[in-house]
Amino acid sequence: MIISGSGRHEVEAVEERVALLDVLAQAPAVDHHCHGIVKDEVSAQSFQKLATESDLPQGPGGDVFDSPVGVAIRAECAPLLDLPRHVDAESYLSRRAELGQREVTRRLLAAANISTYLVDTGFCADEITSPDELAAVSGTQGFEIARLESLAERLAAEGVGAQGFYDAFRAELESALRTAVGVKSIIAYRHGFDFDPARPTEAEIRSAAGAWLSSPERRLSDPVLLRALLWAAVDAGKPIQMHVGFGDSDIVLHRCDPTHMTEFLRATVTTGTPIMLLHNYPFVREAGYLAHVYPHVYLDTGLAAGFSGASATSIVRESLEIAPFTKVLFSTDAYGLPELYLVGALRHRLALARVFGEWLEADAIGEADARRYLRLLMGGNAQRAYGLTPHQSAATSA
Amino acid sequence: MIISGSGRHEVEAVEERVALLDVLAQAPAVDHHCHGIVKDEVSAQSFQKLATESDLPQGPGGDVFDSPVGVAIRAECAPLLDLPRHVDAESYLSRRAELGQREVTRRLLAAANISTYLVDTGFCADEITSPDELAAVSGTQGFEIARLESLAERLAAEGVGAQGFYDAFRAELESALRTAVGVKSIIAYRHGFDFDPARPTEAEIRSAAGAWLSSPERRLSDPVLLRALLWAAVDAGKPIQMHVGFGDSDIVLHRCDPTHMTEFLRATVTTGTPIMLLHNYPFVREAGYLAHVYPHVYLDTGLAAGFSGASATSIVRESLEIAPFTKVLFSTDAYGLPELYLVGALRHRLALARVFGEWLEADAIGEADARRYLRLLMGGNAQRAYGLTPHQSAATSA
Amino acid sequence: MIISGSGRHEVEAVEERVALLDVLAQAPAVDHHCHGIVKDEVSAQSFQKLATESDLPQGPGGDVFDSPVGVAIRAECAPLLDLPRHVDAESYLSRRAELGQREVTRRLLAAANISTYLVDTGFCADEITSPDELAAVSGTQGFEIARLESLAERLAAEGVGAQGFYDAFRAELESALRTAVGVKSIIAYRHGFDFDPARPTEAEIRSAAGAWLSSPERRLSDPVLLRALLWAAVDAGKPIQMHVGFGDSDIVLHRCDPTHMTEFLRATVTTGTPIMLLHNYPFVREAGYLAHVYPHVYLDTGLAAGFSGASATSIVRESLEIAPFTKVLFSTDAYGLPELYLVGALRHRLALARVFGEWLEADAIGEADARRYLRLLMGGNAQRAYGLTPHQSAATSA
C-alpha cells in the first residue's frame, strides 16, 4: 500500500529526539540578530522592564515572571544559578543579585552555546556590551550589524546638511560595512511596510532631508528618507535585516505584514542583496511564502520564540512549512538580559528537535538530511548568507 | 548538558493531565462573556439555527450536526441526556424534546460547572434568560454586561433628541453600571476596528446624533456615535468587552483585526479602563500581542473554542504564546442552547489540560505554577479584572 | 465527572490511525483542482522549476530537493521508482530519467490513488496532458475546469470587438460548460480580492473591453472585465474555483485574503452558485470562517499541503476548525510533475488520518462519523458540489 511510514519508528521517538538535541548542541550556532547585554547590575525593577517587549508601565497582573518568558527563565536559567527548576521569582532575583550580572552572564552565555553573534548596535549602545565585549565574555566571536536609522540620526546630530546628507550617509554606511556584516532597518517601526517601493530621487531625498534636519525632531520617520536608507543598503549589497511584526508599542502590527512590501522585494530581486525578515510574529507564514518565492528573502522566528517560552515549537514549526530549509535562520533578538540568549537558544533547539523528531518518527525525512538541515538552520544558512568564512565560524569553538 | 527537560516525565503524562483536569474542574470558572438561554422549547429547526454563527439559510451539507460543534454536542452532551456518545442527530433531538428545554438546561449547565456568568444582555433579551434567571437555573451567580449600542438604540426608540443624546447616554450608562460589571461594544460589527481613535467632540456627536435620529434607521452604525459610546465607556472605567473577529455574516473579517485599533489602545492606556478582546478568531496572536504590550488589554478565545469542538486546543494554545498568563480569560460566548455552555466550557478545560500537560511533560513549567495559572485562566483573571469580590465568587460554589 | 474522554483509548492510537488510512485509501478521491502533466521528458533543470511555486531564478540554497516538497518527493516517490526512501537528489533524477516521464507518471499516479481529476486547462495547455489524457494515463476519469481569464484572452486573440465581447464571452462560457464541470478565476493574481463587488454594467464592460482590446496587452488584468467574467460565471451556476493566497511572484499576498471579497459573497449568496476557495495558504482560517457563514462557500488546502510536505498536517488541521465537514474538499493543485499528485494526495491522507486519529484517541468523535467525514472530505463533498453522478465516480474504480 502506498500509505506507509506514519506510525513507524514510534518506539524510537524519544531516542531520536535526544540524538537530535546532540546534533543541535554540537552544531555551530549563529545568532544572526541580537543586541548587547546590560553592563551594570540589574535591579528587580530593571529586570521586569527588560523581560518584556512592552515599554509601558504594567499594572496588576504585570509581573513578567508570570508570562511565558518568565516561566521559561525560572525553568531553564534557575538551575544554572544553582537553584531548583521553577523557582519563585523572588528567590531567582535574590540569587541573581548575589552572583552579580557578570557571573550570571558568564554562566548563561556559556550554556546558550552560541558560537557567533551578529549584534545590532543601533539601540542604547552605551549601556550594553559591544559585539567585541559580548564575544569576549562568552569566548566566542561577534560581528556588528549597523542600524541604518541610527547611522542617519548620528549624522543629523553631527550637523550634516540636507544637500550633503545622502552622500554622507552612503559614505558612513560604506565605512560601517568595512567591519559590519550586514545592516538593520526598522522601517516597520518608523513607518510600516506599506512604503513606496520605488527608489527615491536625489531631489526627493534632499527635500525630505531638508525638512527633517530643519525640524527639532531627531527621530527619523520620514518615509522618503527611510526608503533612501534602504536603497543605499540594497546598493551596498550586504544582508539587510528588517524588523517584522511583534515588537513594542511603537508598532502598528497590521502594517508590519511583510507582504506589504512585495513590490520592494520584486524591485530588488535582481540585485541579489539578501533581505532577512526578523521575528515575523505573527506573520511567520507570510514570511515563509516570501522566502519560498523570492530567492533573496530569508526569515527567522527570533524574539517570538524566546518570548513564547514553551510555545516556541508552534512558531518555529510554521517557519518550516513552505520555506526552503536553506532560507530559515536562527536568532534570539536577545537584549540586555543574558537570560534571553539562553532561553531563546534553548527553546529554539528544543523546538527544532521536536519538529524534526516528529518527522523522523513518521519517516518523513531521512536521518542524514535531518542532521544536515539542523546544522544549516542553526548556523550554516547564516554563514552562507552573511559570507562568514569557515575560519571565522571555526574560531568560535576554539 | 544544557538541553534537558524534553522527554522527561513522559510516562507520567496521562496522570498529569488527569490531575490537571481535576484542578480545572475545581477552579471557580468565570464565563466572562455569554448570553442567556432560550426559554421556550427548541424545535429541530431552531436548534439548527442556534448551533451555528451563520445567520443565512443553509443548503445541502448544512446540517449543524456535521460541523465541529455538532460533533462535539453529540459526543459530550449526549451522555448527559442518557444517550450514548456520538449518537445520531435525530436521536439527540428526539431525546432533547422528550426531556424538554428546562431539564436539558438543568443537566447541561450543572455539568458545565461554571460558577459565575457575565451575561451580555444586548441581543434578543426578551427570548432568553436574564443574568438572574441564568444564575437561578444553574445555582450560580450572574452579572450583567451592558451593551453600549443597545443602550443607545433604546434611547433612540424612546425619542431622545440629538441635543441631549450624549448626556442621556452617559446617564443611562452610569445607571446601567450600578449593577452591570462591564460593557460590550460591537463596533467590529457595525463599522470595523479601522475607526478614528480620537474622542469625538460634543459638536460632532450632536451632528451625528441628529442625522441618525432623524433617519428611519434605528440600527446604530454611525462611526462617530460608535466612538462616542466607546469613549463614554472609557470614562466610566469598567471593563469594555469588544467583539473581535469570527461572528455572523454582518462581519467583514479583515476589518476586525484588533491591531487596527492600535491608536485607540494607545489613547486609552493611561485611563486604566480594561479592554477585553473577545473571541479573536482568527486574530488570536494579534490579540495576544496587544495583551503583551498594552497593560489594559486582555483576551479570550470563547466562541471559536466552542464552535471548533475538538480543535479548540489549537486556538487556546495560540492565546498562551506571548500574552501573560494573567491576561487571558475564559468565556463561552454561548447563546440560546445550553449545549454551547457545556461544550465551550468542557473544550476549554480539555484544551488547557492538554497544553499545560504537554508543558509539564517537558518540564517546561512547575506543577505549582501550572495549578495557579489554570485557576487564573479559568476565573481568577476575570475576578481581578472585573473587580468581582472573593465573596461573590465564593458564593458560586455554595 | 463531566470531564472525560481525553486520555482514553491511547493504547489504540496507532491501530486507529492505520484503520483510518485504510478508509482513506478506499474512499473515492476527487482531486477537485489540478492541472495536467508535462508530456515531454523532464530535465533536471525543468524539474527544479516545476517543484516550486517560485518563478524566479534561484541562487545559492535554491535546490528544491532541500525544500519541504523536495524532501517529501525523496521520501515518498523514491520507493515507487525502486529507490530507497530519502534518496539523494542526483540518484532520484538519474533513476527518473532512466524510467522516463511516461513510466514515472504511470507509477506515481497509480499510487496517488485518485479516482477523479478536475483539471484546470487554462495554463500552458499545449505542454501538458488534457483531462482525457490525464484520466487515460491513470485509468481514471477527468473533467475540465474552464479558466475564465483564458477564455476571454482566447477571444481577444481571435479578434473579438469591444461591442460584442461580453456576449461572445457568455456564449464561449456556455459552450465550455457543456463539458466542463466548473470554472476557475484568477482574479487574485490579476487584481486581488479588494475588487468592487457590484455587477458591472454593460456600458462599463464595453468601455473596459474597448480599452483592453485596443491595447497591445493580451494579459487580462482590467478589474471591470475580471468582475464581468466572474458575474457571468455566477449566472452560469456551476462552481467557481477561486485561487486564494500562496502562489507565484505575481501575487500580492495580503490582497488575496478572501475576506476582502465579503461583499461579493454576500451579493452572490442567494444565487446558490458554489464558490470554491482554493489553497488558502495562509488564509485557511479566514476561508473556514467564510465556509462556516456562507452556505455557498467551500474550501480546500491543496497546493500548500503538497508544498509543505510533512507539515501538511498543520494546514489541513486548520481547515477543519470551524468549517462544516461537508464544506471542505481535497485537491493537489499539482502541475507538470506526477510527483506533485502523489505527494499532495498522500500528505493530505496522512494529515486527515493524523487529525481524525487524535480525535478518536480523545473520543471526541465516533468511528462511524469519522469514516463518513473522511469519505466526504476525500471526494463526497466534491461529488455533491460539482454534481458528479455516482455513476461517474463509480466508474473511476472500474
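Just so it is clear, the structure is predicted and the values come from calculations on it, not from any experiment. (Residues numbered from 1 in each chain as written. Chains lettered and ligands numbered in written order. Predicted model: local features only at pLDDT ≥ 70, side-chain atom pairs only at ≥ 80, totals over all residues. Heavy atoms only, no water.)

Describing the relation of the copies chain A and chain C
Mapping chain A onto chain C calls for a rotation angle of 120° and an axial translation of 0.0 Å; the resulting RMSD is 0.0 Å. Read as a symmetry element, the transformation amounts to a three-fold axis. Measuring from the rotation axis to each C-alpha of chain A, the shortest distance belongs to Ser314(A), at 5.6 Å. (Least-squares fit on C-alpha atoms with pLDDT ≥ 70 in both.)

A closer look at the interface of chain A and chain C
Taken together, the contact between chain A and chain C spans 40 residues of the former and 49 residues of the latter. The junction of chain A with chain C conceals about 3,800 Å² of combined surface from both sides, 58% of it contributed by carbon and sulfur atoms. For the pair chain A and chain C, the interface holds four salt bridges. In this structure, the salt-bridge partner of Asp369(A) is Arg74(C), at a minimum N-O distance of 2.7 Å. If you look at where chain A meets chain C, you find 21 residue pairs in polar contact (both at pLDDT 80 or more). Elements supplying a minimum of two residues to the side of chain A that touches chain C: helix H12 (262-268), helix H13 (284-293), helix H15 (312-319) and helix H17 (367-386) of chain A. (Contact = heavy atoms within 4.5 Å. Buried area = accessible area lost by both parts, 1.4 Å probe. Salt bridge = Lys/Arg side-chain N within 4 Å of Asp/Glu carboxyl O. Polar contact = N/O pair within 3.5 Å; in protein donor to acceptor, adjacent residues only side chain to side chain. Helix = DSSP H or I, 4+ residues; strand = E, 2+ residues; numbered from the N terminus.)

Description of unusual backbone geometry
Residue Tyr281(A) is joined to Pro282(A) through a cis peptide bond whose omega torsion reads 0°. Along the chain, Pro282(A) falls in the loop between strand E6 (275-279) and H13. Positioned with a positive phi, Asn113(A) is a non-glycine residue whose angle comes to about 60°. A relative accessible area of 29% places Asn113(A) in the partly exposed class. Phi is positive for Asn280(C), close to 70°, though the residue is something other than glycine. Within the fold, Asn280(C) resides in the loop between strand E6 (275-279) and helix H13 (284-293). (Buried < 20%, exposed > 50% of the residue type's maximum accessible area, 1.4 Å probe, protein only.)

Structural notes on the interface of chain A and chain B
Taken together, the 49 residues of chain A in the interface contact 40 residues of chain B. Joining chain A to chain B, the criterion identifies four salt bridges. Close ionic contact of Asp363(B) with Arg85(A) constitutes a salt bridge, the shortest N to O distance being 3.2 Å. One can count 21 residue pairs in polar contact (both at pLDDT 80 or more) joining chain A with chain B. No other element matches the six residues that helix H16 (residues 338-361) of chain A contributes to the side of chain A that touches chain B. For the side of chain A that touches chain B, a count of residues per class yields 24 nonpolar, 13 polar and 12 charged. (Nonpolar A, V, L, I, M, F, W, Y, C, P; charged D, E, K, R; others polar.)

Remarks on the sheet that holds strand E5 (residues 240-244) of chain C
Residue and element names in this part refer to chain C. With respect to topology, eight strands assemble into an open sheet ordered E1-E2-E3-E4-E5-E6-E7-E8, the strand pairing being parallel. The sheet terminates laterally at strand E1 (30-34) and strand E8 (328-329), the two strands that pair on one side only. Judged from the two bridges that link them, strand E7 (residues 297-300) and E8 form a sheet pairing that is parallel. Bridge pairing links Leu-299 to Val-328 in E8. Together, strand E4 (182-185) and E5 form the strand contacts of helix H11 (residues 223-236), whose direction differs from that of E5 by roughly 140°. (Pairing = 2+ DSSP bridges. Axes fitted to C-alpha atoms, helices over the stretch in contact; angles between N-to-C directions.)

Observations regarding a negative patch on the surface
There is a patch of like negative charges on the surface, built from Asp40(A), Glu41(A), Asp126(A) and Glu127(A). Note on Glu127(A): relative accessible area 52%, which makes it exposed. (Patch = residues over 30% accessible without salt bridge, like charges linked within 9 Å, V, L, I, M, F, W, Y side chains within 5 Å. Areas by Shrake-Rupley, 256 points an atom, 1.4 Å probe, with all protein chains shown as cover. Lys, Arg positive; Asp, Glu negative; His and termini not counted. Charge placed at Lys NZ, Arg CZ, Asp CG, Glu CD.)

Considering the pattern of salt bridges
If charged atoms from side chains of opposite charge come close, those side chains can pair. If you walk through the whole model with that rule in mind, you get 87 salt bridges over all chains. Counted as one network, the salt bridges with shared partners bring together Arg285(A), Glu318(A), Glu321(A), Arg285(B), Glu318(B), Glu321(B), Arg285(C), Glu318(C) and Glu321(C).

Thoughts on the side chain of Arg95(C)
All names here are of chain C. Position of Arg-95 among the secondary structure elements: in helix H4 (residues 89-99). Looking at Arg-95, its side chain comes within polar contact range of the side chain of Asp-82, at 2.5 Å. Not counting chain neighbours up to four residues away, the residues in contact with Arg-95 comprise Leu-81, Asp-82, Leu-83 and Arg-107.

A look at the pairing of E1(C)
Residues and elements named next belong to chain C. Among the five residues of E1, five are classified as buried, and the element is accordingly described as predominantly covered. Judged from the three bridges that link them, E1 and strand E2 (residues 116-120) form a sheet pairing that is parallel. Bridging from a neighbouring strand, Val-30 pairs with Thr-116 of E2.

A closer look at the sheet that holds E6(A)
Sheets are built from strands paired through backbone hydrogen bonds, the pairs being either parallel or antiparallel. Residue and element names in this part refer to chain A. Here eight strands make up an open sheet; going across it, the order is E1-E2-E3-E4-E5-E6-E7-E8 and the pairing parallel. If you trace the sheet from one side to the other, it starts and ends with strand E1 (30-34) and strand E8 (328-329), each paired once. Examined bridge by bridge, strand E2 (residues 116-120) and strand E3 (residues 141-147) share five bridges and lie parallel to one another. By the bridge assignment for E3, Leu-118 is matched with Phe-143.

With respect to H11(C)
Residues and elements named next belong to chain C. Given a rise of 1.5 Å per residue, 14 residues ought to cover 20 Å, and the 20 Å separating the end C-alpha atoms of H11 matches this to within 8%. Every buried residue of H11 is listed here: Val-224, Leu-225, Leu-226, Arg-227, Ala-228, Leu-229, Leu-230, Trp-231, Ala-232, Ala-233 and Val-234. In this structure Asp-222 caps H11, since a side-chain oxygen of it lies 2.8 Å from the backbone nitrogen of Val-224. Backbone geometry just after H11 places Gly-237 at a positive phi near 90°. (Expected span 1.5 Å × (residues − 1).)

Thoughts on the packing of aromatic side chains
Within this structure, the stated rule accounts for 48 aromatic pairs over all chains. Each ring, one from Phe246(A) and one from Tyr281(A), has its centre 6.0 Å from the other, and the planes form 65°; the classification is edge-to-face. Taken together, the residues span a long stretch of sequence, with Phe246(A) in the loop between strand E5 (240-244) and H12 and Tyr281(A) in the loop between E6 and H13 at a distance of 35 residues. A relative accessible area of 0% means that Phe246(A) is categorised as buried. Of the residues examined, Tyr281(A) reaches a relative accessible area of 0% and is grouped as buried. Ring centres of Phe165(B) and Phe169(B) lie 6.4 Å apart, and the angle between their planes is 25°; this geometry places the pair in the stacked category. (Phe/Tyr/Trp six-rings, centres within 6.5 Å; stacked < 30°, edge-to-face > 60°.)

Some words on the side chain of Ser54(C)
Mapped onto the elements of the fold, Ser54(C) is located in the loop between helix H2 (44-50) and helix H3 (68-77). Within polar-contact distance, the side chain of Ser54(C) engages the backbone oxygen of Val293(A) at 2.5 Å. Polar contacts involving the side chain of Ser54(C) include one to the main-chain amide nitrogen of Leu56(C), which spans 3.3 Å. Here Ser54(C) is in contact with His292(A), Val293(A) and Lys49(C), once residues within four sequence places are set aside.

Some details on the UniProt feature "domain: Amidohydrolase-related" (unreviewed entry) in chain A
The positions UniProt marks with the feature "domain: Amidohydrolase-related" (unreviewed entry) are residues 214-388 of chain A. As annotated, residues 214-388 of chain A has a helix share of 50% and a strand share of 9%, and its two end C-alpha atoms lie 41 Å apart. (UniProt positions renumbered as here; feature names shortened; annotations may be inferred.)

Observations regarding the packing of helix H16 (residues 338-361) of chain C against helix H17 (residues 367-386) of chain C
Residues and elements named next belong to chain C. It is at 11 Å that the axes of H16 and H17 come closest, and there the two elements cross at 160°. With respect to H17, the element H16 is oriented roughly antiparallel. Judged by the sense of rotation from one axis to the other, the crossing of H16 with H17 is right-handed. Facing His-348, Arg-349, Leu-352, Phe-356 and Leu-360 of H16, the residues of H17 in contact are Glu-367, Ala-370, Tyr-373, Leu-374, Leu-377 and Met-378. Here the contact of H16 with H17 is built from residues that sort into eight nonpolar, one polar and two charged. (Parallel < 35°, antiparallel > 145°, perpendicular 65-115°, else oblique. Left-handed = near helix turned anticlockwise from the far one by under 90°.)

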